[in-house]
Structures are given as C-alpha cells and as structure tokens.
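Descriptive structure summary
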Amino acid sequence: MLVGRVAFGLAALAVLAAGCARYRPEPLSPAANAAALEKRTLADPRLRRFIAAGRRQDGASPADPGWDLTALTLAAVYFHPDLDVARARLAGARAAVITARQHPNPLLDFRAIFDSAAVPGAITPGAPPLTIGPVINLIVETFGKREYRSAKARRLAEAARWDLATAGWQVRRRVRAALLGLWAARQRIALTRRRLELRRQLVGLLTRRLAVGAADALEVTRERIDRDKTAMALRDSEAAAAATTSELAAAIGIPAAALDGVRLSFGAFERGDPLHSRLDESELRRRALTGRTDIEAALARYQSTQSALQLAIAGQYPDLTLGPGYEYDAGVNKFGISPAAKLPIFNQHQGQIAEAVASRRQAAVKFTALQAQIITAIDAAVAAYHAARRAFATSDALLRAAARRDGQVAASFRIGQVDRPTLVTAEIETATVRLAQFGALAGELQAVGALEDAVQQPLFEPTTAFSVPPINPRRSPGQSS
C-alpha cells in the first residue's frame, strides 16, 4: 500500500512536469541581422500592403502618388527599430500581467524518518519502521492582494501601450523634419543656381567692359567675390540635401541607398502654411494637455502607483497558509492540518507603505511637470509661428517690390534706356529677395512642425489612420514580435 501511494505521487509529479514550457533556442547572428537591415527597401510587397491599409485604399500602390509624408511615415512605422523596442517593452508589460494574476503555487513538504524502537514492541509487528509525512502548504492571499497586484500590472501595460504610441509620434516627427529639410534644401539649390547663373552673367559683362576700359576693376572684383560666395552657398545647399537624405533614410529605418531613385512627394509643404491663419490655440492646448500619448502614459503610471499603494496597505495583513497532510507513522495512518500565518510583530509593512506613498507622489509630480513642459513647448511654438508669419509677410512685400522694379528695368532695357548689366543686377536683386522669402516660408513651416510636435496632432497631411500596431507588421502571423 505504501509503495502504491508513493508511485501515485511520483506519477502526479510527472504529469505536472509534462505540462511545463520547454526552452527553444533562438540564436542571434550579427552578420545575418546586419544583412537583413541592409536589404530593407521601399519596394517591399508587405510594406506596400501595409501602407495601402493605412491609407484605407485596398489594392492602391503607394508609389502611384509618390512617397509623400503619409506614406513615408507609415514606412517608418513599418521599419523603424525604435518601435520594435517599444513593442518588446509592451510585450514584457503584458507578460507581467499574466504573472501578476497567477495564484501562488502550493509547497510540498515531505519528510521520511527511519524509526527504531526504544522499547520492545513499540512498533506494530510487520509494519515498516518508517515515518513518512507529505504536507501540501496552500497559500491563501488575503485582503485583495492579487487583485491590487493585477491592477498595477494592467496599468503599467497600458502605459507601455501609450509609450508605443509616443514612439510612433517621435518617428513621425523625425520623418517630417527630414522631409521638410530635404524639400527646403532642394528649393534653395534651385534658387541659388539661378542667382549663381545671373552673377556669372554680370561678371562676364563687367569683365568685357573692363577689357575696353569701360568698367572699374574694383567693381569687377566685388562682383567676382559675390559670385564665389554664391557658388559656396550652392555647395552648402547641396551638402545639406545629401545630409537630409541620409537623415530621412535613418528616420524611416532603411539604408540611405534604399532612397536612390525613389520619387518623393513634397505636396505637404508646397501647399504652404497648412494652418492658413486658422490657428485655434486654446483648443490645441486643451487637447494636448489632456490627450497626448505621453500624458496618457503618465496618467496610467500614476494609476499603477495607486494600486501599488493599495497592495502595500493590504500587505499589513498576513496571508494564510494551510497545510493539509498525511503521515504514515510505523503502521499508523495520521491525517492533520497545519494553519500558519506571519505575525506582524516587528513591522506592520510601514516601510513598504511609505515607499508606495512616495512613489505615488513622485508620479503625480512628474505628471504635473509634463503638463508644464507641454505648455512651454506650445507657447514657444505659437510664438515662433507668429514671428515666422510676420517675417514671411515682410519678405513677401519686399519680393513684390523687387519684382516691380525688375519689371520696370526690363521695360527700360527693351526701349534702350538701360544696359544689360543694369538689367542683370535688377534680376539678381529679385532672385536674392526671392531666396529670402523662401527662407521665411521654410521657417514658417518649421514653426508649424514644432507646433505639431507640441500638440501631437498631424497638421501636415492630417491622417486619421495614423497609428502604431502593437504587433510587428513585418512578421508573419504566428511569428513572435
């Protein structure tokens, strides 16, 4: 009988062991991983389907309208490693919820003692001289500890989900800034080339005049210096375009070579200021202070500290341990139960409660600090926006005046009242003011971008479908993320 009971216990343990998870190795190869990164391309068919779904246009090819801000943002959501890191953190937080919900496992206590009779006849004749006592200790959590622990884990998982959304906004910010910088650099290249062409014409005209003694050498030297400065400015703009191309590739999460031959669309910026003087500062401020993703994450973390405090307070009260057991004592069957609990003699969990109170206060202070930071960012962005608009209005007025003078000089040239150097000089003035006007426009669009970052709402190409999926879109169904 005794052997049968022991065999039954061992069989039960074997069944429990069979249900355990097994280790599966997933080796990580630096070379293979790097090769996969280098092979990333915007021609990825899965990426095209992902963008089509994001645009809510089933079957549409993202290359048809060109790679605009929305398509590039969705490509960054698809590729960027920062979002993979945020997804991994979210997966970890969700796994922690499973852990928090678990009931504590019972503890099996087993003892075996070989007896010897101190008095003849003390052991039942024919019984094995053994004392075997298996006891199962069942832990009963009291005062809602498991519920509070689970609530804390759920709040932290919610915060991780909002952190993923925040990472998505950071990715959009970098894509927009790089695309805007590339567009501005290309526009400056075109405008500067025009200025350089005109300055070369003027230097050529004045050089020929100098050869016949009809021009001043100092004037020719001055124009040559201005021509060379313009040539250097052109090289600077070309370098800026190359740098921002690399920045755009990095913002998407692809190698720079993947942008070679890609037709980019700058329609979001070529339409000018997307606000068109309809800035509702109070509404944007209200939405940002209550609905930004980092606000939601901070609020969820504060709620987790509330649950942590409840858990600490519940910890004042001990859990109950019940130990039903059986003992075979040299032929005698004994059954018993051994209840146990911690005695709150030396402390009543006051240290843990104090830490939980301090953590809650810290979370509240961080939440307030974040709102203050958002207010400052919005104020700075709005001030920069209004200043940029005034600068653009001034430069626009100067350009209209320069264009009128240019037209007047051109009319005088056609009737022979002024010479060609005078005409080219007027054209240079107009080209210079036009470049300054574009600089003001670029500054205005950058201010709109800063405001978009501060309020965390898409002001360029507003896209309601913009979101970050919690599952890696590059993975096939069933693959781990």
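Notes on the structure follow. None of these values were measured; they are calculated from a predicted model.

Criteria and cut-off values
Residues numbered from 1 in each chain as written. Predicted model: local features only at pLDDT ≥ 70, side-chain atom pairs only at ≥ 80, totals over all residues. Heavy atoms only, no water. Phe/Tyr/Trp six-rings, centres within 6.5 Å; stacked < 30°, edge-to-face > 60°. Helix = DSSP H or I, 4+ residues; strand = E, 2+ residues; numbered from the N terminus. Buried < 20%, exposed > 50% of the residue type's maximum accessible area, 1.4 Å probe, protein only. Core = buried A, V, L, I, M, F, W, Y, C linked by side-chain atoms within 4.5 Å. Contact = heavy atoms within 4.5 Å. Pairing = 2+ DSSP bridges. Axes fitted to C-alpha atoms, helices over the stretch in contact; angles between N-to-C directions. Parallel < 35°, antiparallel > 145°, perpendicular 65-115°, else oblique. Nonpolar A, V, L, I, M, F, W, Y, C, P; charged D, E, K, R; others polar. Left-handed = near helix turned anticlockwise from the far one by under 90°. Salt bridge = Lys/Arg side-chain N within 4 Å of Asp/Glu carboxyl O.

1. Here we look at the packing of aromatic side chains
Pairs of aromatic rings are described using the distance from one ring centre to the other and the angle between the two planes. Across all of its chains, the model carries six aromatic pairs by this definition. Plain terms: the ring middles of F50 and Y78 are 5.8 Å apart, the flat faces sit at 45° to each other, and that makes the pair tilted. Note that F50 is positioned in helix α3 (residues 45–54) and Y78 in helix α4 (residues 69–79), a separation of 28 residues in sequence. Residue classification places F50 among the buried residues on the basis of a relative accessible area of 18%. Residue classification places Y78 among the buried positions, given a relative accessible area of 1%. On the numbers, 4.3 Å between centres and 25° between planes, the contact of F143 with Y317 is stacked.

2. Comments concerning the nonpolar core
Core analysis: the biggest nonpolar cluster contains 79 residues, and W67, V175, L248, I252 and F269 have the highest contact counts within it. Ranked by the residues each element gives to this core, the list is headed by helix α6 (residues 145–211), at 18 residues. In contact with I252, not counting residues within four places along its chain, are L72, A75, A76, F79, H80, V175 and L259.

3. A short note on unusual backbone geometry
Residue F143 is not a glycine yet carries a positive backbone phi of 55°. Note on placement: F143 falls in the loop between β4 (135–140) and α6. F143 gets classed as exposed once you look at its relative accessible area, which sits at 51%. The phi torsion at H349 lies on the positive side, around 65°, for a residue other than glycine.

4. Looking at the pairing of β4
Examined bridge by bridge, strand β1 (residues 107–109) and β4 share three bridges and lie antiparallel to one another. Bridging across to β4, L107 finds its partner in N137.

5. Concerning the side chain of T244
Assignment of secondary structure puts T244 in helix α7 (residues 217–252). Setting aside its immediate chain neighbours within four residues, T244 contacts A178, G181 and L182.

6. Thoughts on the packing of helix α5 (residues 81–101) against α6
Relative orientation of the contacting elements α5 and α6 amounts to 175°, with a least axis distance of 8 Å. One element, α5, and the other, α6, form an angle in the roughly antiparallel class. Within the contact of α5 with α6, the residues separate by chemical class into 14 nonpolar, two polar and 10 charged.

7. Notes on the packing of helix α10 (residues 293–314) against helix α11 (residues 350–414)
Taken N-terminus to C-terminus, the directions of α10 and α11 make an angle of 170°; their axes are 8 Å apart at the nearest point. Between α10 and α11, the interaxial angle falls into the category roughly antiparallel. Judged by the twist between their axes, the crossing of α10 over α11 is left-handed. In this structure, α10 contributes D294, I295, A298, L299, Y302, T305, Q306, A308, L309, A312 and I313 to the contact, and α11 contributes Q352, I353, A356, V357, S359, R360, A363, A364, F367, L370, Q371 and I374. Taken together, the residues that form the contact of α10 with α11 break down as 16 nonpolar, five polar and two charged.

8. Focus on the pattern of salt bridges
If you walk through the whole model with that rule in mind, you get 25 salt bridges. The salt bridge involving E197 is made with R194; its shortest N-O contact spans 3.7 Å. Of this pair, E197 and R194 both sit in helix α6, three residues apart, roughly one helical turn. Residue E197 is classed as partly exposed on the basis of its relative accessible area of 40%. R405 is paired through a salt bridge with E429; the nearest N and O atoms lie 2.4 Å apart. One end of the pair, R405, is in helix α11; the other, E429, is in helix α12 (residues 420–455), with 24 residues separating them in the sequence. Judged by relative accessible area, which is 38%, R405 ranks as partly exposed. On the accessibility criterion, E429 (33% relative accessible area) is partly exposed.

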